[in-house]
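For reference, the chains in residue letters:
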Amino acid sequence: MKKKVLQSLTVGSAIIFMLAGCGGNKTETKESTKKETKTEASSTDVATGASAQAYTDPKDLQDKYDIVIIGAGGAGMSAAIQAKDAGKNPVILEKMPVAGGNTLKSSSGMNASETKFQKESGISDSNDKFYEETLKGGHDKNDKELLRYYVDNSASAIDWLDSMGIRLNNLTITGGMSEKRTHRPEDGSAVGEYLVHGLLKNVTELNIPIFVNADVTEIKEKDGKISGVKVDMKETKEKKEISSQAVVVATGGYGANPEMIKAEKPELDGYVTTNQEGSTGDGIKMIEKLGGQVVDMNQIQIHPTVQQDTGILIGEAVRGEGGILVSEDGTRFINELDTRDKVSAAINQLKGKAAYLVFDSGVRERVKAIDFYDKQGFVKKGETVADLAKEIGVKEDALDKTVTDWNQAVADKKDAQFERKTGMDKPLDKGPYYAIKIAPGIHYTMGGVKINAKTEVLTKDNKAIPGLYAAGEVTGGLHGTNRIGGNSVGDIIVFGRQAGDQSAQYIK
């Protein structure tokens, strides 16, 4: 459903949003000495979110570092940790008041194949299957070099996170996948704030300087090589030049930039966005000025299940754990776990261009983020299916038949109506019943700067720009024309690590 203006939550709101994800988890952290300590992530810790962490005093900003990392989301912090482990002196510069970026808003989990947690759960998966399903989901337009590197290094990324106390051992499934390879925190909560909290904790313990309200406005080049950046320090109102031998750009996409969205895909003008307000394409613009190549810029993903008043995404895990989509007539209209582009298109063809996500108490118990949606007033409740139908204004007999037919399909392990094959482990038979009204919204920009598997930024003639690296949503190519849910978190960790490692090797 379209809105008159492109909407976006503030970063602070995003932190509060992810409260649904992490309260009460225990996390282990590894210091640079590899001595393990255990701390409790209390509700107070989570409530303050990233802002509770000790950012570096702006007065301590130096004139020179080995590596400047632009952006403090998952990709940027992963790069910093990897570079520090390689013995280098990185710095993170983040333009927003808190770290996290769009990573804070990640919900469903992180896709990875052949992981130890899959094996522990008896799931037989393969990198080749993950590769082929992602390629199919991206309509065979994915950069195959990047995709191969991603899937082959996804399991080691899960292990790397686990070594730092960021444990993603709860498995679910997302659209376009045939196996449970979406890794979540142990309690089944949303992945975003948990991941940011864990990465930031490790950044702090490794004494990596991280400056917020630090807006990088230009990447400097000298004698054909990257030489540093210009940064506007908002708190001290200073404009400084920082020299470095390498720069890693991890600034995210442009999903909160209405002008860029309109220029690249006019038909999306006015759509609500799920992106945090800092996702304005800054890194892409800076790299283009250096002669960097961009790819797939008109490939912008809309997510099918977005609450329209706030732009808050209703995570795919709700469907992955058994939820169904029904029209205003109370009937199903699509395989709910088809790829995002197909589900979004089906919703847009409905009367009113909106639908209801229907689930029971069992799904609610398995997806902790629903508690947050309820607190925001999104969730409608009925003690029975008929009560729920009255609450949301659909025909009682139609919704009752829809749920009955669905439960029979689950029992038969066959969805004859829409051939859904996943997210059918449990029926919707545990009252009370719930529904959230949703419609599509701008979610992810698949396009961005072109990199190779070493995360080197490439020029228009496909030559690497010496000393310039990029990772995460600022890059393009990996996801083709449609991103699979759960692959963005894998992307930022796998390629964030690679950018940190490659930039460290470059300056040896």
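In this text the structure is predicted, and so the values were computed from the model without any measurement.

**A closer look at the packing of helix α6 (residues 127-137) against helix α7 (residues 144-152)**
1) Next: As a packed pair, α6 and α7 sit with axes 9 Å apart at the nearest point and diverge in direction by 140°. On the basis of their axis angle, the class for α6 and α7 is oblique. The chirality of how α6 crosses α7 is right-handed. Residue-level contacts link N127, D128, F130, Y131, T134 and L135 of α6 to K144, L147, R148, Y150, V151 and D152 of α7.
2) Next: Residues belonging to the contact of α6 with α7 are distributed by class as follows: 6 nonpolar, 2 polar and 4 charged.

**What to know about the environment of I465**
1) Next: Here I465 lies in strand β22 (residues 464-470).
2) Next: For I465, a relative accessible area of 4% puts it in the buried group.
3) Next: Sequence separation between I465 and G291 is 174 residues, and the spatial gap between their C-alpha atoms is 8.6 Å.
4) Next: Contacts of I465, omitting those with residues within four sequence positions, involve E221, I226, L290, G292, V457 and T459.

**Here we look at the pattern of salt bridges**
1) Next: In the structure shown here, the tally under the stated rule is 29 salt bridges.
2) Next: Across the pair K262 and D269 runs a salt bridge whose closest N-O atoms are separated by 4.0 Å.
3) Next: The exposure class assigned to D269 is partly exposed, which follows from its relative accessible area of 36%.
4) Next: With a shortest N-O distance of 3.0 Å, D415 and R332 are connected by a salt bridge. With D415 in the loop between α17 (396-412) and β19 (433-445) and R332 in the loop between β16 (324-326) and α13 (340-348), the pair connects residues that are 83 residues apart, well separated along the chain.
5) Next: A single salt-bridge network, built from bridges that share partners, covers K116, D159, D162 and R167.

**Quick notes on a negative patch on the surface**
1) Next: Side chains of D387, E391, E396, D397 and D400 sit close together on the surface and give a patch of like negative charge.
2) Next: Counting residues per element, the negative patch draws most heavily on α17, which supplies 3 residues.
3) Next: With respect to the helices and strands, the residue D397 is situated in helix α17.
4) Next: Residue classification places D397 among the exposed positions, given a relative accessible area of 59%.

**Description of the nonpolar core**
1) Next: Within the largest apolar cluster, 97 residues are counted, with the highest numbers of intra-cluster contacts made by L93, L161, L199, I219 and L468.
2) Next: For this core, the element with the most residues is helix α18 (residues 487-506), which contributes 7 residues.
3) Next: No fewer than three residues from each of domain 1 (64-299 + 446-506) and domain 2 (302-442) sit in this core.
4) Next: Contact partners of L161, with chain neighbours within four places excluded, come to M110, I166, L168, L195, L199 and I493.

**Re the pairing of β22**
1) Next: Of all 7 residues in β22, 5 are buried; the element is thus mostly enclosed.
2) Next: Linkage of strand β21 (residues 456-458) to β22, two consecutive antiparallel strands, is achieved through a turn of 5 residues, within which N462 is found at a positive phi near 65°.

**Re the packing of aromatic side chains**
1) Next: Evaluated as defined, the whole model comprises 5 aromatic pairs.
2) Next: Relative to Y150, the ring of F130 lies with its centre 5.5 Å away and its plane at 65°, an arrangement referred to as edge-to-face. Of this pair, F130 sits in helix α6 while Y150 is found in helix α7, placing the two residues 20 residues apart along the sequence. The same class applies to F130 as to Y150, namely buried.
3) Next: An angle of 70° between the planes, with centres 6.1 Å apart, marks the rings of F372 and Y373 as edge-to-face.
4) Next: For F372, a relative accessible area of 8% corresponds to the buried category.
5) Next: Directly above the aromatic system of Y131 lies the positively charged group of R148, at a separation of 4.8 Å from the ring centroid.

**Examining the sheet that holds strand β8 (residues 210-211)**
The strands making up a sheet associate through hydrogen bonds between their backbones, and the pairing can be parallel or antiparallel.
1) Next: Ordered in space as β8-β4-β3-β12-β22-β21, the 6 strands form an open sheet in which the pairing is mixed. Each of the sheet's edge strands pairs with one partner strand only, and the pair in question is β8 and β21.
2) Next: One ladder, built from 2 bridges, connects strand β4 (residues 90-93) with β8; its direction is parallel. Within β8, the position partnered with I92 by the bridge is I210.
3) Next: This element, α18, spans β3 (67-70), β12 (246-249) and β22 of the sheet and lies at about 150° to β22.

Each value, and the rule that gives it
- Starting from 1, residues in each chain are numbered consecutively following that chain's sequence as written.
- The predicted nature of this model means local features are confined to residues of pLDDT at least 70 and side-chain atom pairs, given and counted, to a pLDDT of 80 or more, with totals for whole chains, interfaces and linings taken over all residues.
- Only hydrogens and water are removed before side-chain values are computed, so all heavy atoms of the structure are retained for them.
- A fitted line through C-alpha atoms serves as each axis, taken over the contacting stretch for helices, and the angle formed by two N-to-C directions is quoted from 0 to 180°.
- A run of H or I in DSSP becomes a helix once it reaches four residues, and a run of E becomes a strand once it reaches two; helices and strands are each numbered from the N terminus.
- With respect to orientation, any angle under 35 degrees is reported as roughly parallel, any angle over 145 as roughly antiparallel, any angle of 65 to 115 as roughly perpendicular, and every other angle as oblique.
- Working rule for handedness: look at the near helix, and if it is turned counterclockwise from the far one by less than a right angle, call the crossing left-handed; if clockwise, right-handed.
- Should any heavy atoms of two residues lie within 4.5 Å, those residues are considered in contact.
- For this scheme, ten residues count as nonpolar: Ala, Val, Leu, Ile, Met, Phe, Trp, Tyr, Cys and Pro. Four count as charged, namely Asp, Glu, Lys and Arg, and the remainder, Gly too, count as polar.
- Note on exposure labels: buried denotes an accessible area under 20% of the residue type's maximum, exposed denotes more than 50%, and partly exposed covers the range between, all computed with a 1.4 Å probe on protein chains only.
- Put simply, a salt bridge is a Lys or Arg side-chain nitrogen that is within 4 Å of an Asp or Glu carboxyl oxygen.
- By definition, no residue in a patch forms a salt bridge, and every one has over 30% relative accessible area; like charges are joined within 9 Å, nonpolar side chains (Val, Leu, Ile, Met, Phe, Trp, Tyr) within 5 Å.
- Note that accessible areas follow from Shrake-Rupley with a 1.4 Å probe, and for residues the cover is restricted to the protein chains shown.
- Residues counted as positive are Lys and Arg, residues counted as negative are Asp and Glu, and His and the chain ends are not counted.
- To locate a charge, take atom NZ for lysine, CZ for arginine, CG for aspartate or CD for glutamate.
- What we call a nonpolar core is a set of buried Ala, Val, Leu, Ile, Met, Phe, Trp, Tyr and Cys residues that are connected through their side-chain atoms within 4.5 Å.
- Where each domain starts and ends follows an automatic or database-derived domain assignment.
- The rule for pairing is simple: two strands pair if DSSP sees at least two bridges between them.
- Stacked, tilted and edge-to-face pairs are distinguished by plane angle, under 30 degrees for stacked and over 60 for edge-to-face with tilted covering the rest, among Phe, Tyr and Trp rings (Trp via its six-membered ring) whose centres lie within 6.5 Å.
- In this analysis the charged atom, NZ for Lys or CZ for Arg, is taken to sit over a ring once it is within 6 Å of the ring centre and within 35 degrees of the ring normal.

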